[in-house]
Amino acid sequence: MTDPLVVFTPSGKRGRFPVGTPVLTAARQLGVDLDSVCGGRGICSKCQVQPGQGEFPKFGITVTGDALSAFNSVEARYDEKRGLKPGRRLGCQATIQGDVLIDVPAESQLHRQVIRKDASSAPMRMDPATRLHFVTVEQPDMDAPTGDAERLRTALRDQWDLDGVTIPLPVLQELQTVLRKGDWQATVAVNHDEGILAAIWPGLREAPALGLAIDLGSTTIAAHLCDLATGEVRASGGAMNPQIRFGEDLMSRVSYAMMNPGGSDEMTAAVRLALDELARTLSDEAGTDPSEIVETVVVCNPVMHHLLLGIDPTELGQAPFALATSDALRLGAAEIGLISAAPGARAYLLPCIAGHVGADAAAVTLAQAPDEAEEMTLIVDVGTNAEIVLGNRNGLLACSSPTGPAFEGAQISAGQRAAPGAIERVRIDPETKEPRFRVIGCDAWSDEPGFDVEVTGICGSGIIEAVAEMRMAGLLDASGLIGSAEATGTERCILEGRTHSYRLWADGDREIRVTQGDIRAIQLAKSALYAGARLLMDEAGVETLDRVTLAGAFGAHISPLHAMVLGMIPDAPLDKVTSAGNAAGHGARMALCDRSARHRVETLVRKIRKVETAVAPRFQEHFVAANAIPHASAAFPHLLA
Ligand code: FES
């Protein structure tokens, strides 16, 4: 008699197994993705499956009622205590009795795909580096004396096929207490990427392990606290980068390190403290303890990368802009300041692309996957330093361009960060030259009922729209010069010294004006951005773009139309200019939740060709020509369409 046929869905994997084989064993032998934390002891419930009934012509089987064994006492106990969903069985307890079709529900799959609602980034696949394993450890024996760590390693080898797991000192320090507290049973978090034990808890741990994905920017730090079993974000938040007090932009921080003995260390200490504080804040919000964090992934630009690691960034301030290392790094989380995380928690830093194109650009590229597309795609991560990637499946180029802080509201007379009270949207009537605007924290426009908010300044997206609208309303000429009241026909254009300003808002003696200096600052920033993109297009030998993706927290708020009117980006079909939101943060989450994403990004960065803007003569030419609004010579056919 032939053995029963077992078919697993959705994978379609099938095989014949002797009667009495546990479903979990059959799944493992066929390579079916079926989770298990307790190793088949019937206590974790991760291995739940749903047996089918009836005829399945597609698979050539008919399933009768006794295709699986009846509930055993372990399942019955579990069902009584926690309740199994109708029809569900524990895969480690149910055994095969006849031909059977077994569905593995999504929540029982370890490597499931999580599709983001925001379809602008690649779907998230779950295959976390750090996984939980329940183990039973032999008790010590006077006649065969071995250490607790050695017996734990033996248990991991015998029960989980994990050989040679390293137990770092911080975990070793708590090992004896934990094993005895759990009566020689424990749950361990093992980082499979490195073969290191990251944490240990007494007995069976039912709560998932947590991971922290960090996007460390020069102005803000954004982080997501994630469930490493499901990828669910348990809490998200941000904090200002405290290094701002040492310098607004990257180069001023490099200068601070160069000019002040111990300056680099000061900045390192400040950012590490901020990361640990953020980990504690997010854990509080999620109702957990930061010691539940077993792994963190960090993406950042090269200067932040060096300062986080305690490496003096001086070399990044001068040609040839050599990095201490561009490789991905695997470290103890405590080494980069996350001292509140689990004692053995690990940290993964994505690789840098080169010079000033960092791990954040690598993360954006990972998340957007332009290397898998036919379309010629330009990705711009707009920040104090714009990081730009261009290409498609045939190759990728990258550069960074020194846009300065104007796009973030700095160097603008009434500029401020994007916070409540900041003007973020502007429209100017081309006939009357009258403005209307919207302010962060209020949904109504300034000329609508319900507009009731204190105006405090103008943020990056606001100033971009203001300048573009001024150009479209004829208040500015192509060279960026603001016209006089007579020339423009509005009293809002006010003479200030030898130039003019445009009064956007006034309330009593408080005013917000767009000054000639503001226009110049935006022109410099946008010229740098455009020139960087154009330089990459020259290098790639392309004249047109199929798609433009604006990344970064700021990129998410830029209006594509206004960016193009201003000439920030080269011409592209307007409906193909989209925002990817915080793509670097998404890339960090991908690397946190999916080991293969780490391998992908490490391979990807080796294939990206870096173009250095600082030494390319063409960059200067493009920069000068891009000073006009939108440009001295380049055509913008999609703008006219
Ligand atoms: Fe843990 Fe089945 S593997 S309950």
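Note that this is a predicted model, so its numbers are computed, not measured.

Quick notes on the rules
Residues numbered from 1 in each chain as written. Predicted model: local features only at pLDDT ≥ 70, side-chain atom pairs only at ≥ 80, totals over all residues. Heavy atoms only, no water. Pairing = 2+ DSSP bridges. Helix = DSSP H or I, 4+ residues; strand = E, 2+ residues; numbered from the N terminus. Contact = heavy atoms within 4.5 Å. Axes fitted to C-alpha atoms, helices over the stretch in contact; angles between N-to-C directions. Core = buried A, V, L, I, M, F, W, Y, C linked by side-chain atoms within 4.5 Å. Buried < 20%, exposed > 50% of the residue type's maximum accessible area, 1.4 Å probe, protein only. Patch = residues over 30% accessible without salt bridge, like charges linked within 9 Å, V, L, I, M, F, W, Y side chains within 5 Å. Areas by Shrake-Rupley, 256 points an atom, 1.4 Å probe, with all protein chains shown as cover. Salt bridge = Lys/Arg side-chain N within 4 Å of Asp/Glu carboxyl O. 1 Å grid on protein atoms, 1.4 Å probe; cavity = no way out; pocket = protein on both sides within 12 Å on 5 of 7 lines; lining within 4 Å. Points joined across faces, edges and corners; volume = space filled by probe spheres on them. Nonpolar A, V, L, I, M, F, W, Y, C, P; charged D, E, K, R; others polar. Domains from an automatic or database assignment. Parallel < 35°, antiparallel > 145°, perpendicular 65-115°, else oblique. Polar contact = N/O pair within 3.5 Å; in protein donor to acceptor, adjacent residues only side chain to side chain.

Caption draft 1: Seen up close, the sheet that holds strand S2 (residues 14-16). Pairing is mixed across the open sheet formed by five strands, whose spatial order is S2-S1-S7-S3-S6. A single partner strand is all that each edge strand has here, and the edge strands are S2 and strand S6 (89-90). Lying on the sheet, helix H1 (residues 23-30) is in contact with strand S1 (5-9), S2, strand S3 (48-51) and strand S7 (100-103); it crosses S1 at an angle near 75°.

Caption draft 2: Fine view of the nonpolar core. Among the nonpolar cores identified, the biggest contains 90 residues, and Leu-212, Ile-214, Leu-216, Val-294 and Leu-350 are the most heavily contacted of them. With nine residues, the top contributor of residues to this core is helix H6 (residues 263-286). Residues within four places of Val-294 in sequence aside, it is in contact with Thr-130, Ala-189, Ala-198, Ala-199, Trp-201, Ala-209, Leu-210, Leu-228, Ala-342, Ala-345 and Arg-346. Val-542, Leu-550, Leu-566 and Phe-623 belong to the second-largest nonpolar core, a separate cluster that totals 67 residues.

Caption draft 3: Broad picture of a nonpolar patch on the surface. A cluster of nonpolar residues, Met-472, Leu-561 and Leu-574, forms a patch on the protein surface that exposes about 220 Å² of accessible area. Along the polypeptide, Leu-574 turns up in the loop between helix H13 (560-566) and strand S29 (577-581). Judged by its relative accessible area of 30%, Leu-574 is partly exposed.

Caption draft 4: Layout of unusual backbone geometry. The omega torsion across Thr-9 and Pro-10 is 5°, close enough to zero to call that bond cis. Mapping Pro-10 onto the fold places it in the loop between S1 and S2. A positive phi angle is found at Asp-161, which is not glycine, with a value near 65°. If you trace the backbone, Asp-161 turns up in the loop between helix H3 (148-160) and helix H4 (169-181).

Caption draft 5: Region of the structure containing the sheet that holds strand S10 (residues 130-136). Strand order in this open sheet of three strands is S10-S11-S12, and the pairing throughout is antiparallel. Two strands bound the open sheet, and with one partner strand each, they are S10 and strand S12 (196-202). Each strand of the sheet is rotated relative to its neighbour by a mean of 25°, with strand direction disregarded. Alignment of S10 against strand S11 (residues 185-191), held across seven bridges, turns out to be antiparallel. Following the sheet pairing, Val-135 is matched in S11 by Ala-186. Those strands touched by H3 are S10, S11 and S12, and its axis lies near 100° from that of S10.

Caption draft 6: Fine view of the layout of surface pockets. By volume, the second largest pocket amounts to about 480 Å³. Lining the second largest pocket are 26 residues, with Asp-35, Ser-36, Leu-110, Arg-131 and His-133 positioned closest to its centre. By residue class, the composition of the lining of the second largest pocket is 13 nonpolar, six polar and seven charged. For the lining of the second largest pocket, the domains that each give at least three residues are domain 1 (5-108) and domain 2 (129-202).

Caption draft 7: How the structure looks around the packing of H6 against helix H7 (residues 302-309). The contact between H6 and H7 brings their axes to 7 Å, and the two run at 90°. For the element pair H6 / H7, the angle class is roughly perpendicular. Residue-level contacts link Ser-264, Met-267, Thr-268, Val-271, Arg-272 and Leu-275 of H6 to Leu-307, Leu-308 and Leu-309 of H7. Here the contact of H6 with H7 is built from residues that sort into six nonpolar, two polar and one charged.

Caption draft 8: How the structure looks around H7. Of all the eight residues making up H7, eight are buried; the element is thus mostly covered by neighbouring parts of the structure. Listing the buried residues of H7 in full gives Pro-302, Val-303, Met-304, His-305, His-306, Leu-307, Leu-308 and Leu-309. For H7, the side-chain oxygen to backbone nitrogen distance between the N-cap and Val-303 is 3.1 Å, and the N-cap itself is Asn-301. Looking one or two residues beyond H7, the residue adopting positive phi is Gly-310, at roughly 80°.

Caption draft 9: Local environment of the pattern of salt bridges. Scanning all chains against the criterion turns up 33 salt bridges. With a shortest N-O distance of 2.6 Å, Glu-292 and Arg-205 are connected by a salt bridge. Of the two residues, Glu-292 is situated in the loop between H6 and strand S16 (293-300) and Arg-205 in the loop between S12 and strand S13 (210-216); the sequence distance between them amounts to 87 residues. One exposure class covers both Glu-292 and Arg-205, and it is buried. Overlapping salt bridges bring together Asp-193, Glu-295, Arg-330, Arg-598 and Glu-602 as one network.

Caption draft 10: Structural view of the environment of Gly-483. Relative to the helices and strands, Gly-483 is located in the loop between helix H9 (460-472) and helix H10 (485-488). What makes Gly-483 buried here is its relative accessible area of 17%. Once the C-alpha coordinates of Gly-483 and Cys-493 are considered, the two residues, ten residues apart in sequence, prove to be 7.0 Å apart. Not counting residues within four places of it along the chain, the set of residues in contact with Gly-483 comprises Leu-475, Thr-488, Cys-493 and His-500.

Caption draft 11: How the structure looks around the domain arrangement of the chain. Considered domain by domain, the chain is made up of domain 1 (5-108), domain 2 (129-202), domain 3 (212-359), domain 4 (370-404 + 528-640) and domain 5 (414-514). Taken over C-alpha atoms, the centre of domain 2 sits 64 Å from the centre of domain 5.

Caption draft 12: Fine view of the environment of Leu-550. Mapping Leu-550 onto the fold places it in strand S28 (residues 547-551). Of the residues examined, Leu-550 reaches a relative accessible area of 2% and is grouped as buried. Put simply, Leu-550 and Ile-388 are 162 residues apart on the chain and 9.7 Å apart in space, counted from C-alpha to C-alpha.

Caption draft 13: Expanded view of the pairing of strand S20 (residues 386-392). Burial runs high along S20: seven of the seven residues are buried. Burial along S20 is two-sided: Ala-386, Ile-388, Leu-390 and Asn-392 facing one way and Glu-387, Val-389 and Gly-391 facing the other are all buried. Pairing geometry for strand S19 (residues 377-381) and S20, over five bridges, is antiparallel. Within S20, the residue paired with Ile-379 across the bridge is Val-389. Connecting the antiparallel pair S19 and S20 is a turn made up of four residues. Here S20 pairs with strand S21 (residues 395-401) via seven bridges, running antiparallel. By the bridge assignment, Glu-387 is partnered in S21 with Ser-400. Between S20 and the antiparallel strand that follows it, S21, lie two residues.

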